[in-house]
Amino acid sequence: MALEQSIKRSIRDVPDFPKPGILFKDITPIFYDQQLCTEIVNGFIEKMQQKPDAIVGIESRGFLFGFLMANKLNIPFVLIRKSGKLPYKTVAHEYSLEYGTSKMEIHEDALKKDWNVMIHDDLLATGGTAEAAAQLVKKLGAKVLGFNFVVSLEFLNGRNKLINHSNNITCLVQY
Ligand code: AMP
C-alpha cells in the first residue's frame, strides 16, 4: 500500500479536541506499527534534496519522527520547546496565535552558524508554529533548508507562511 494510504489508515480523527470545532489528527496509533514508522522515516529521508546538518523538532510531537530521522541520518537533533522548558540559556521568539501569543525557545548554542537545518513537526496547520521555529533557526545564524511534516491541512494554507523561509516543504499526507 502507498505510504500516504497507510498513514491515513493509522491516523485517528478526534472531533472537538482540544476545543469545539477542531478535528484533531491523532498520530499516536502510528506508533503501534513499527514497519510504518520505518517507512515514514525513510519516506522523509528519500524526499530530502540534500542531507541537512541537523534536524530541528518542534515540541512535542515533532520530537518523535524528528529524532528518528536525525539518528538514521547520523546528524544532531535539536529541540524547540515552549517557553520555560529548556534548562540552559535560550533564545526566544514570540508569535501570534488565533487568540493571544505564544513563545518558543531554543538553546542558544544548539546550532552552528551556517548549518542547513530541516525543521520537522507532526502536522502543518496555519503554519504559525513552524514559522516561529524558522525564526529561531535564523536568530542563531543557521539556514532553513526545508520543512517536513507527517500531515498537512492544506485548506489552512500554512505553506504560504513558510515559503519565505524555504519552498522545500514535504508533507507525507495531505487533507
Ligand atoms: P499551526 O501553528 O497552526 O500550523 O499548528 C501546528 C501545531 O499545532 C502542530 O504542532 C500540531 O501538532 C498542532 N495542531 C494544529 N492543528 C492540529 C490538528 N487539527 N490536529 C493535530 N494537531 C494539530
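Residues numbered from 1 in each chain as written. Predicted model: local features only at pLDDT ≥ 70, side-chain atom pairs only at ≥ 80, totals over all residues. Heavy atoms only, no water.

Caption draft 1: Looking closely at the site of the ligand. As a matter of local geometry, the ligand sits amid 13 residues, with Arg61, Asp121, Asp122, Thr126 and Thr129 nearest to it. At a separation of 2.5 Å, an oxygen atom of the ligand approaches a polar side-chain atom of Thr126. For the ligand, whose free accessible area comes to 480 Å², the fraction covered by protein is 82%. Because more than half of its atoms lie within 2 Å of the grid, the ligand is assigned to the largest pocket. Contributions of two or more residues to the shell around the ligand are made by strand S2 (23–26), strand S7 (116–124) and helix H4 (128–139). Taken together, the residues that form the shell around the ligand break down as 5 nonpolar, 4 polar and 4 charged. (Near = heavy atom within 4 Å. Polar contact = N/O pair within 3.5 Å; in protein donor to acceptor, adjacent residues only side chain to side chain. Areas by Shrake-Rupley, 256 points an atom, 1.4 Å probe, with all protein chains shown as cover. 1 Å grid on protein atoms, 1.4 Å probe; cavity = no way out; pocket = protein on both sides within 12 Å on 5 of 7 lines; lining within 4 Å. Sits in = over half its atoms within 2 Å of the grid points. Helix = DSSP H or I, 4+ residues; strand = E, 2+ residues; numbered from the N terminus. Nonpolar A, V, L, I, M, F, W, Y, C, P; charged D, E, K, R; others polar.)

Caption draft 2: Seen up close, the packing of helix H2 (residues 34–46) against helix H3 (residues 62–73). Remark: H2 packs on H3, axes separated minimally by 10 Å, with the N-to-C direction vectors making an angle of 65°. In terms of axis orientation, H2 runs roughly perpendicular to H3. The chirality of how H2 crosses H3 is right-handed. Every residue of H3 that contacts H2 at Cys37, Ile40, Val41, Asn42, Phe44 and Ile45 is listed here: Phe65, Leu68, Met69, Lys72 and Leu73. Residues of the contact of H2 with H3, tallied by class, amount to 9 nonpolar, 1 polar and 1 charged. (Axes fitted to C-alpha atoms, helices over the stretch in contact; angles between N-to-C directions. Parallel < 35°, antiparallel > 145°, perpendicular 65-115°, else oblique. Left-handed = near helix turned anticlockwise from the far one by under 90°. Contact = heavy atoms within 4.5 Å.)

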